[in-house]
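Now for the letters of each chain:
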Amino acid sequence: AVADAARTFRIPPGMSFGEAAVLPIVYHTALFALQHRAALGAGEWLLVHAGASGVGMAAIQIGAALGASVIATAGSPEKLDFCRAQGAEHALSYRDASWVDRVKEITGGRGAGVIYDPVGGDIFDLSTKCIAMEGRLLVIGFASGRIPAIQVHRILLKNISIVGVLWGNYDRAHPDYLPQAHQSLERLYAAGRIHPRISRSYPLEAIPTALRDLADRKILGKAVVVME
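Please read these numbers as outputs of a predicted model, since none were measured by experiment.

How each quantity is defined
- Residues numbered from 1 in each chain as written.
- Predicted model: local features only at pLDDT ≥ 70, side-chain atom pairs only at ≥ 80, totals over all residues.
- Heavy atoms only, no water.
- Pairing = 2+ DSSP bridges.
- Helix = DSSP H or I, 4+ residues; strand = E, 2+ residues; numbered from the N terminus.
- Axes fitted to C-alpha atoms, helices over the stretch in contact; angles between N-to-C directions.
- Contact = heavy atoms within 4.5 Å.
- Expected span 1.5 Å × (residues − 1).
- Buried < 20%, exposed > 50% of the residue type's maximum accessible area, 1.4 Å probe, protein only.
- Polar contact = N/O pair within 3.5 Å; in protein donor to acceptor, adjacent residues only side chain to side chain.
- Salt bridge = Lys/Arg side-chain N within 4 Å of Asp/Glu carboxyl O.
- Core = buried A, V, L, I, M, F, W, Y, C linked by side-chain atoms within 4.5 Å.
- Right-handed = clockwise from strand over helix to strand, strands pointing away.

Visitor: I tried to follow the sheet that holds strand 3 (residues 90–93) on my own but got confused; where do I start?
Guide: Taking strand neighbours across the sheet as the criterion, the six strands line up as 3-2-1-4-5-6 in an open arrangement whose pairing is parallel. Single-partner strands in this sheet number two, and they are strand 3 and strand 6 (161–164). The average angle at which neighbouring strand axes cross in this sheet is 20 degrees, direction not considered. Taken together, the five bridges between strand 4 (residues 112–117) and strand 5 (residues 131–139) define a ladder with parallel strand orientation. Paired with Asp117 across the strands is Val139, a residue of strand 5. Strands in contact with helix 5 (residues 99–106) are strand 1 (45–48), strand 2 (69–74), strand 3 and strand 4; relative to strand 3, the strand with the most contacts, it is inclined by about 160 degrees.

So this is what it looks like as structure tokens:
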């Protein structure tokens, strides 16, 4: 295999090969989104949707490491417990639309200062109802399948920002940023502030099963393929 040297990094001491496989993309995206695009501050409320996914796991851990108070949403009791284990102070079921009111209640009526949304669709629509004044709504992706739209008067009335986050495009346009971001993640790992979690490992011949499990939302955090 031939790899681009500028995109290749040594595995730091104490990190397993599986953890090193989990770190790229999801942790890079979360760091880029929360630190660079949203300027998340210590003491702010961060709302992370799909908190039991790979990108959600990374966002919860990095948000907590940056000093934010984290609220996460997920779709089952097992996934809500997983979110809490990653550092979320509160975990809410997105299957019950009352999560919007709960976010307001938890934040003392202010709403979440930063919202990390890899889901889109109805989740995005409802997020605009519980975002704080001057809040930043981070558009990470559209896992729900529906690309949402927003009435711009909502942006005006609450002075909010809708912020796009596409790590791959930024990385290619700013090649110096990748090693800086990776070094930041290595420091957080060494300090015990982030912990890449592997819920399942699959042998190479089980990739079809792994993809079915992923599509059926059976994966908590990340899964890895292990080649002997």
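Visitor: How should helix 3 (residues 54–65) be read in this particular structure?
Guide: Three or four residues apart is the spacing at which side chains of an α-helix point the same way, because the helix has 3.6 residues per turn. Look at helix 3: 17 Å from first C-alpha to last across 12 residues, which is about the 16 Å you get at 1.5 Å a residue. Here helix 3 lies mainly inside the structure; 10 of its 12 residues are buried. Of the positions making up helix 3, those classed as buried are Gly54, Gly56, Met57, Ala58, Ala59, Ile60, Gln61, Ile62, Gly63 and Ala65. The N-capping residue of helix 3, defined by a side-chain oxygen 3.0 Å from the backbone nitrogen of Gly56, is Ser53. Note on helix 3: the residue one or two positions beyond its end, Gly67, has a positive phi of about 95 degrees.

Visitor: Any chance you could explain the pattern of salt bridges here in plain terms?
Guide: Should their charged atoms come close, side chains of opposite charge can pair. Applying the stated criterion to the full structure yields eight salt bridges. The partner of Arg136 in a salt bridge is Glu44, and the shortest N-O contact between them spans 2.8 Å. With a gap of 92 residues between them, Arg136 in strand 5 and Glu44 in the loop between helix 2 (26–37) and strand 1 connect regions that are remote in the sequence. Taking the shortest distance from any N to any O, the salt bridge between Asp125 and Arg146 comes out at 2.6 Å. Taken together, the positions of Asp125 in helix 6 (residues 121–127) and Arg146 in the loop between strand 5 and helix 7 (152–158) put the pair 21 residues apart, joining distant regions of the chain. When salt bridges that share partners are traced, they join Asp122, Asp125 and Arg146 into one network.

Visitor: What should I look at first to understand the nonpolar core in this one?
Guide: Side chains of nonpolar character tend, in soluble globular proteins, to be buried together. If you look at the biggest cluster of nonpolar residues, it comprises 48 residues, and the most contacted ones within it are Tyr27, Leu34, Leu46, Tyr116 and Leu138. The contacts of Leu34, once residues within four sequence positions are left out, are Ala39, Leu40, Leu46, Ala59, Ile62, Gly63, Leu66, Val114, Tyr116 and Leu138. If you look at the next biggest cluster of nonpolar residues, it comprises 18 residues, including Leu92, Val100, Ile115 and Ile160.

Visitor: Looking at this structure, how should I read the environment of Gly168?
Guide: With respect to the helices and strands, Gly168 occurs in helix 8 (residues 167–173). For Gly168, a relative accessible area of 23% gives the class partly exposed. Spatially, the C-alpha atoms of Gly168 and Gly51 are 21 Å apart, while their sequence positions differ by 117 residues.

Visitor: Could you clarify how one ought to interpret the pairing of strand 2 in this entry?
Guide: Looking along a regular strand, one sees the side chains alternate between the two faces of the sheet. Most of strand 2 is tucked away: six of the six residues are buried. The side-chain alternation of strand 2 yields two buried faces, one formed by Ser69, Ile71 and Thr73 and the other by Val70, Ala72 and Ala74. Here four bridges tie strand 1 to strand 2, and the two strands are oriented parallel to one another. By the bridge assignment for strand 2, Val48 is matched with Ala72. The parallel pair strand 1 and strand 2, bridged by helix 3, forms a crossover whose chirality is right-handed. Chirality of the crossover, the property in question, places the unit of strand 2, helix 4 (residues 77–86) and strand 3 among those that are right-handed.

Interpretation note: all reported values are geometric properties and have no functional meaning in isolation.
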